[in-house]
Amino acid sequence: MSLITVENPAVSPASDASAALPLAGIKIVDFTQVFMGPSCTQLLGDFGADVIKIERPGSGDISRNSFPDPDGQDNPIFLSINRNKRSISVDTRTDEGRAVLARLIEDADVVVSNFRAGVMERMGFGYDDVRRSNPGIIWASGTGFGSEGPYSHKGGQDAIAQAYSGVMWRRDREDLPPSIYPTTLCDYITGMHLLQGILLALRTRESSGTGQKVEVTMYDSMLHLQMQEACMQLNRGYEVNWGAMPLSGVFETTDGAVCMVGGFTADPLLHISRALGLDEDLTQRPEFANLEKQFENKPALQAIFRERFATNSTAHWTDRLEREGLLNAPVHTLEQTLADEQTRVNGMIVEAEHPSVGTVRMLNAPIRLSETPASIRRVAPRLGEHNAEVLRENGFDEETIARLQDLGVLR
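Residues numbered from 1 in each chain as written. Predicted model: local features only at pLDDT ≥ 70, side-chain atom pairs only at ≥ 80, totals over all residues. Heavy atoms only, no water.

Student: Just to check I follow, could you spell out the environment of L185 for this structure?
Tutor: Here L185 shows up in helix α7 (residues 185-208). With relative accessibility at 31%, the residue L185 sits in the partly exposed group. (Helix = DSSP H or I, 4+ residues; strand = E, 2+ residues; numbered from the N terminus. Buried < 20%, exposed > 50% of the residue type's maximum accessible area, 1.4 Å probe, protein only.)

What follows is the structure, encoded as structure tokens:
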């Protein structure tokens, strides 16, 4: 099954559309790697920021080497979250390398990192360090747990954040073991909070002229995701589990599965009974008469659902559920979703040409602005591709650049 692509001149990597974009003229020195930070800085780049990606010589961003791939360091994992950036590979263990970065930061608007707490400080680029030379700097950091507290020494990672935050403990059936959510939800949410913090700080600086420190943590972001559940727990001592609602669930059919949400109507179980073509209205049974009873007898109730769904196709049941006004969806694979007509209509798949890889298909920015839409002006860079270009822009002459290359500071 082939992917659907969208012809859109606004996303041509050759077009110079950045001048009209909301973040045009914003210079970002980007120390981030893997997913949380790069997902943030890619969106900043999509809307016009000049993102200079700092990478380790030789190996680069960890995601360049996440999976063995025919395209090596320019693999789809890396390409998916590093467009609209320029890469320089600098050895930060050397005085010369740190001097290069200090020069870049002197007139930057934002410095972004997602190392463990304390790493930027040890490199000499903590907030207090950089604001001495650049008082208006916005210094943004995403970590696992923050710079203080009993877990501050720990590295941040998606599954670890799921486990610590309480998210992993909840599941739709008590007989299932806790498990890792297979998409990096925590990384993405934290990256988006980091993005929001940077934009808020930029807006504040417009009026005050003052820079500031922006900090987000995976721990806090995952707690904030559960604001409804947390408020109920704190005030009523009751744990809400939206996935365990008795009239909702995922049910296998003869050719797949259906997700059904039994809610948002006056009597959802009556409508479910009709949709499933049952001989009786289950609301008339004493054991299912109200929500409290439905929770109490959920295993028996859902056994009825599972038995009925297993008798016919996904299309059959989604049609029946639609007729009764019940929220539902077929359970798609990612391949099916990428090929879905809705994905095409929403313009969510774009393509661009990479000098080493060829045509790259990837997801578009999910934010649509009518006057200043996201623009893909550059595909993800090759490691160190912009070493000389970026240094020239920041006042380094050719002799100095050549010397740094000879010393191995730039590779």
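Student: Looking at this structure, how should I read helix α3 (residues 95-106)?
Tutor: It helps to recall that an α-helix has 3.6 residues per turn; residues three or four apart then point in one direction. Compared with the 16 Å implied by 1.5 Å per residue over twelve residues, the 16 Å span of α3 between its first and last C-alpha is a close match. Those residues of α3 not exposed but buried are G97, V100, L101, L104 and I105. Along the axis of α3, the buried positions cluster into a sector of 135°, meaning they face one direction only. (Expected span 1.5 Å × (residues − 1). Arc of directions from axis to C-beta.)

Student: What exactly am I supposed to notice about the packing of α7 against helix α8 (residues 218-225) here?
Tutor: Relative orientation and spacing of two packed helices are given, respectively, by the angle between their axes and the distance between those axes. At a closest axis distance of 9 Å, the pairing of α7 and α8 adopts a crossing angle of 95°. When the axes of α7 and α8 are compared, the pair comes out roughly perpendicular. The residues of α8 that touch α7, namely those facing L185, C186, D187, I189, T190 and H193, are M218, S221, M222, H224 and L225. (Axes fitted to C-alpha atoms, helices over the stretch in contact; angles between N-to-C directions. Parallel < 35°, antiparallel > 145°, perpendicular 65-115°, else oblique. Contact = heavy atoms within 4.5 Å.)

Student: Would you explain the pairing of strand β5 (residues 138-143) in this entry?
Tutor: The side chains of a regular strand alternate between both faces of the sheet. Of all six residues in β5, six are buried; the element is thus mostly enclosed. With burial as the criterion, each face of β5 is covered, one bearing I138, A140 and G142 and the other bearing W139, S141 and T143. Across four bridges, strand β4 (residues 110-113) lies against β5 in parallel orientation. Residue pairing for β5: V111 is matched across the bridge by W139. Two strands pair when backbone bridges link them, and β5 and strand β6 (residues 212-217) are joined in this way by six bridges, in the parallel orientation. Paired with A140 across the bridge in β6 is V214. (Pairing = 2+ DSSP bridges.)

Student: Got a minute to help me understand the pattern of salt bridges in this structure?
Tutor: Close approach of charged atoms lets side chains of opposite charge pair. Evaluation of the coordinates by the stated rule reveals 26 salt bridges. For E393, the salt bridge identified is with R86, shortest N-O distance 2.8 Å. Residue E393 is located in helix α16 (residues 387-393), and its partner R86 is located in strand β3 (residues 85-89); the two are separated by 307 residues in the primary sequence. The exposure class assigned to R86 is buried, which follows from its relative accessible area of 3%. A salt bridge links R285 to E287; the shortest N-O distance between them is 3.5 Å. (Salt bridge = Lys/Arg side-chain N within 4 Å of Asp/Glu carboxyl O.)

Student: Please clarify how a nonpolar patch on the surface should be interpreted in this entry.
Tutor: On the surface, M232, Y238, L291 and F295 cluster together into a nonpolar patch covering about 360 Å² of accessible area. Note that L291 resides in helix α11 (residues 291-296). Taking the relative accessible area as the measure of exposure, L291 reaches 45% and is therefore partly exposed. (Patch = residues over 30% accessible without salt bridge, like charges linked within 9 Å, V, L, I, M, F, W, Y side chains within 5 Å. Areas by Shrake-Rupley, 256 points an atom, 1.4 Å probe, with all protein chains shown as cover.)

Student: Please clarify how the environment of R382 should be interpreted in this entry.
Tutor: Along the chain, R382 turns up in the loop between β11 (358-363) and α16. Distance in space between the C-alpha atoms of R382 and S89 is 9.9 Å, their sequence separation being 293 residues.

Student: How should unusual backbone geometry be read in this particular structure?
Tutor: What is expected of a backbone is that most residues other than glycine have negative phi and most peptide bonds are trans. Here the phi dihedral of N84 falls at roughly 55°; this positive angle occurs in a residue that is not glycine. Checked against the element boundaries, N84 lands in the loop between α2 (76-79) and β3. Positive phi, normally seen in glycine, also occurs at F264, with a value near 65°. Its location among the elements puts F264 in the loop between β8 (257-261) and α10 (268-275).

Student: Can you help me understand the sheet that holds β8 in this one?
Tutor: One key point about sheets: their strands pair by backbone hydrogen bonds, in either a parallel or an antiparallel sense. Overall, antiparallel pairing links the three strands, which are arranged β7-β8-β9 in an open sheet. Looking at which strands have only one partner, the edges of the open sheet turn out to be β7 (249-252) and β9 (327-330). Here the strands of the sheet are splayed against their neighbours by 25° on average, with no regard to which way each runs. Bridge count for β7 against β8 is four bridges, and the pairing is antiparallel. By the bridge assignment, G249 is partnered in β8 with M260. Contacts from helix α12 (residues 298-309) reach β7 and β8, with the element oriented near 40° to β7.

Student: Please explain the sheet that holds β5 as it appears in this structure.
Tutor: Strand order in the open sheet formed by six strands is β3-β2-β1-β4-β5-β6, with parallel pairing between adjacent strands. Of all strands in the sheet, those bounded by a partner on one side alone are β3 and β6. Neighbouring strand axes in the sheet, compared pairwise and without regard to direction, differ in orientation by 20° on average. Set on the sheet, α7 makes contact with β4, β5 and β6; between it and β6 the angle comes to about 165°.

Student: Help me understand the packing of helix α1 (residues 36-46) against α7 in this model?
Tutor: Close contact between α1 and α7 brings their axes to 7 Å; oriented N to C, the two are set at 45°. The orientation of α1 with respect to α7, classified from their angle, is oblique. For the pair α1 and α7, the sense of crossing is right-handed. Contacts between α1 and α7 involve M36, S39, C40, L43 and L44 on the former and, on the latter, D187, Y188, T190, G191, M192, L194, L195, I198 and L199. (Left-handed = near helix turned anticlockwise from the far one by under 90°.)

Student: Just checking my understanding: could you explain the confidence of the model for the protein for this structure?
Tutor: As a general rule, the predicted coordinates of low-pLDDT regions are not to be interpreted in detail. Averaged over all residues, the pLDDT of the protein is 92; the fraction at 70 or higher stands at 95%. Every residue in residues 1-15 scores below 50 in pLDDT, and together they form 38 contacts with partners more than four places removed in sequence or on other chains. (pLDDT = per-residue confidence, 0-100.)

Student: Explanation requested: the packing of aromatic side chains in the structure shown.
Tutor: In this description, an aromatic ring pair is defined by two values, namely the gap between the centres and the angle between the planes. Applying the stated rule across the entire model yields twelve aromatic pairs. A centroid spacing of 6.3 Å and a plane angle of 25° characterise the contact between F35 and Y188, whose relative ring orientation is stacked. Pair noted here: F35 is in the loop between β1 (27-30) and α1 and Y188 is in helix α7, with a separation of 153 residues, a long-range link. The class for Y188 is partly exposed, based on a relative accessible area of 36%. Across the ring face of F396, the terminal group of R103 is positioned such that the distance to the ring centre comes to 4.2 Å. In this structure, R171 packs its charged tip against the face of W169, placed 4.7 Å from the ring centre. (Phe/Tyr/Trp six-rings, centres within 6.5 Å; stacked < 30°, edge-to-face > 60°. Lys NZ or Arg CZ within 6 Å of the ring centre and 35° of its normal.)

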